[in-house]
There are 2 protein chains.
Amino acid sequence: MKSIIKLSAILFSVICLSACGDKQQDSKQAATQQQTFEWKLVTSWPKNFPGLGRAPETFAKQVEKMSAGRLKIKVYGAGELVPGFEVFDTVSAGTAQMGHSGAYYWKGKIPAASFFAAVPFGMNATETNAWLQYGGGLELWQKLYKPFGIIPMVGGNSGLQFAGWFNKEINSIDDLSGLKMRIGGIGGEVMSRAGAVPINMPGGEIFSSLQSGALDASEWVGPYNDLSFGFYKAAKYYYSSGWQEPTATLEFLINEKAFAALPEDLQEIVKVATRAVNDDMLSEYTARNSSALKVLEEKHGVQVRTFPPEVMAKLKATTAQVIEEMAANEPSVAEVWSSYKAFYDDIRAYHKITEQAYLENRQ
Amino acid sequence: MKSIIKLSAILFSVICLSACGDKQQDSKQAATQQQTFEWKLVTSWPKNFPGLGRAPETFAKQVEKMSAGRLKIKVYGAGELVPGFEVFDTVSAGTAQMGHSGAYYWKGKIPAASFFAAVPFGMNATETNAWLQYGGGLELWQKLYKPFGIIPMVGGNSGLQFAGWFNKEINSIDDLSGLKMRIGGIGGEVMSRAGAVPINMPGGEIFSSLQSGALDASEWVGPYNDLSFGFYKAAKYYYSSGWQEPTATLEFLINEKAFAALPEDLQEIVKVATRAVNDDMLSEYTARNSSALKVLEEKHGVQVRTFPPEVMAKLKATTAQVIEEMAANEPSVAEVWSSYKAFYDDIRAYHKITEQAYLENRQ
């Protein structure tokens, strides 16, 4: 009997060498490749908000599908897990692994952040993308967020925004005097110096404030989003050619430690998916802004206007002043502005004889 | 001895029930998830050609990394596996699973194909992307390639191309008369009707033909690619604001059966990676065209010119004529043009008061 047990043990060992050994190795490999991650992604947008809010949802679906379910990302609208303006802190703390927002919301904490979202009289979407990916912009952005343990990645562009909704026509600089306008960021400071009264206000309060007269004017996004907010019922004139946001670049915020904990394939999936979202959002806004403006004009009788040249010239000169002061007061702004400005000077000259000349020629 | 063998057999069975049974299941699962695919991707560009040629290389690297090596794609330059103009047939036959090219090369086989690459006096990169993804363009493109067993996906944009290199100034329509110019596609037909002699010629022969006088002029891409070809040594004037290709949309061609054989996660990886390439290429061209033009002007003394308005007007009117004739002669062209034109009419009107007005205001 002893020998039987011995033989069986030997046989078992032999079998285990072939079968169980493989199995252990398979299991180990499978463990790495099949480890699942569940992430939270907090945003600054109402849940399923068109354009801005749809982008992180698309991103999450693509990542889950590409990873065969190994990286599941749950998207939270503003206020669902944390308020919209706490996205940065939440990702920094690691309470959520990811966020989707706009960098200008963090300018109180990081003065140079606005330059990664929108610069009045600055670069459009295509130019900003080029600066970020091939002009050193992304590296500067990463450097700014590094102390907070956050990796920024591109998260789409709204394209050129509209100057906003006004309850009176703007025919001269004097018409801006005392104008109560919902406008933030660098644009708000510029408006203030031009005589207006900039007011910060969440999107949800704009409509009633325009109706009650608490606001005389408000900028928001562009026709696609503005149509769904119904602003045409509360203000008569719609000013195009937004000077304050030639594009808004959106951002994905990723907690550095959470990202480092992912295997390489999932890291690459996240990175590539952010670029796909970046490609998609501008297409969506371009197509839908165009069709929404037709609805606003043809169905709702909205009157589209542009600021007269003297108003544009004043806003432009004031913008230059404000930015130079910001750069003089804060070294990190100076560093970012220096890179932005050098790239912008070249690309502006280039696009003047190419894109702009073409748009004029094709009319 | 018999009983020993019997016991061992039982023991083996028991072990196999626990170990080998699991192993079989693991193996099956692993087989699906770890089955590797090796694809060939043929292109119409010289190996590692800047911009156009780099895009499929980036794509292949991203796909391999995202799939943890389960989908390996080997990229072939033009002529390595098949000539550049045989990409379509090669993918259709399944000899290569993928291709990267420009749709206008297939206009002999598919008359409407040009509209998915470049339309003279047509939409720019942002507008074309919007039409493809949110205006029904991609569905029409898929329908055109379906009979050939090919799925088309976006593969990047070159941005606005330059009108080309000329060895004399173009001051009037008369200056085009008898001009031997390397230009193909719809642009070539337009040039022919304007009095020029369009010539088809591979990129590699342009330089010597300009030097020998076999060509008086040639369009190619834009400053980034044109600088590396050294055309500034062979022609004196560089005409910007290319009317013939307001953008060139590149394409990924995917063999339908090969795509269907991929598991869902790899299919999604391929799809998302094409969009990331689409995001990237325009940024690369935008940044590098801008810096290359500076080198051409400042270092090589290239003189940049634009066609006078009367020449532009003539080319534009002739383009409209050529396209209307194409649509009248061929139902598939009529279907595509009808979709393209409707989207274009709206977006042109929209961008006139937004992007174009902004570019003019920011100067």
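Quick caveat: nothing in here was measured; it's all calculated off a predicted structure. (Residues numbered from 1 in each chain as written. Chains lettered and ligands numbered in written order. Predicted model: local features only at pLDDT ≥ 70, side-chain atom pairs only at ≥ 80, totals over all residues. Heavy atoms only, no water.)

Superposing chain A onto chain B requires a rotation of 180° together with a translation of 0.0 Å along the rotation axis, leaving an RMSD of 0.0 Å. Here the two chains are linked by the operation of a two-fold rotation axis. Both copies share a contact surface, since 100% of the interface residues of chain A are interface residues in chain B too. (Least-squares fit on C-alpha atoms with pLDDT ≥ 70 in both. Contact = heavy atoms within 4.5 Å.)

Residues and elements named next belong to chain B. Close contact between helix α12 (residues 331–353) and helix α13 (residues 355–362) brings their axes to 3 Å; oriented N to C, the two are set at 25°. The orientation of α12 relative to α13 falls into the category roughly parallel. Between α12 and α13, the residues in contact are His351, Lys352 and Ile353 and Glu355, Gln356 and Ala357, respectively. (Axes fitted to C-alpha atoms, helices over the stretch in contact; angles between N-to-C directions. Helix = DSSP H or I, 4+ residues; strand = E, 2+ residues; numbered from the N terminus. Parallel < 35°, antiparallel > 145°, perpendicular 65-115°, else oblique.)

Turning to the side chain of A:Ser44, a few remarks are in order. Considering the arrangement of structural elements, one finds A:Ser44 in the loop between β1 (37–43) and α2 (54–66). Residues contacting A:Ser44, with those up to four places away along its chain left out, are A:Ala78, A:Gly84, A:Val87, A:His100, A:Ser101, A:Tyr105 and A:Trp106.

Here we come to the pattern of salt bridges. Counted by the stated rule, this structure contains 39 salt bridges over all chains. Between A:Asp345 and A:Lys341 there is a salt bridge, with the nearest N and O atoms lying 3.0 Å from each other. Here the residue A:Asp345 and the residue A:Lys341 both occupy positions in helix α12 (residues 331–353), the gap between them amounting to 4 residues, near one helical turn. Between B:Glu219 and B:Arg182 there is a salt bridge whose closest N-O contact spans 3.1 Å. On the criterion of sequence distance, the pair formed by B:Glu219 in the loop between β8 (217–218) and α8 (223–229) and B:Arg182 in strand β6 (residues 180–182) is long-range, its members being 37 residues apart. The network of salt bridges with shared partners includes A:Arg54, A:Asp279, A:Asp280, A:Glu284, A:Arg288 and B:Arg275. (Salt bridge = Lys/Arg side-chain N within 4 Å of Asp/Glu carboxyl O.)

Here we take up the interface of chain A and chain B. In many analyses, interface size is given as the accessible surface area lost on bringing the parts together. The interface is formed by 82 residues belonging to chain A together with 82 residues belonging to chain B. For the pairing of chain A and chain B, the buried interface totals around 7500 Å² over both sides, and the portion due to carbon and sulfur atoms is 59%. When the buried area of chain A at its contact with chain B is split by residue, A:Tyr134, A:Tyr358 and A:Arg362 rank highest and sum to 11% of it. Counting across the chain A and chain B interface gives 10 salt bridges. With its nearest N and O atoms 2.7 Å apart, the salt bridge here joins B:Asp279 to A:Arg275. Taken together, the connections running from chain A to chain B amount to 32 residue pairs in polar contact (both at pLDDT 80 or more). Counting only elements with at least two residues in the side of chain A that touches chain B, the list comes to α1 (2–34), α2, α4 (125–134), α10 (264–298), α11 (309–329), α12 and α13 (355–362) of chain A. The leading source of residues in the side of chain A that touches chain B is α10(A), at 21 residues. Along the lines of polarity and charge, the residues of the side of chain A that touches chain B split into 35 nonpolar, 25 polar and 22 charged. (Buried area = accessible area lost by both parts, 1.4 Å probe. Polar contact = N/O pair within 3.5 Å; in protein donor to acceptor, adjacent residues only side chain to side chain. Nonpolar A, V, L, I, M, F, W, Y, C, P; charged D, E, K, R; others polar.)

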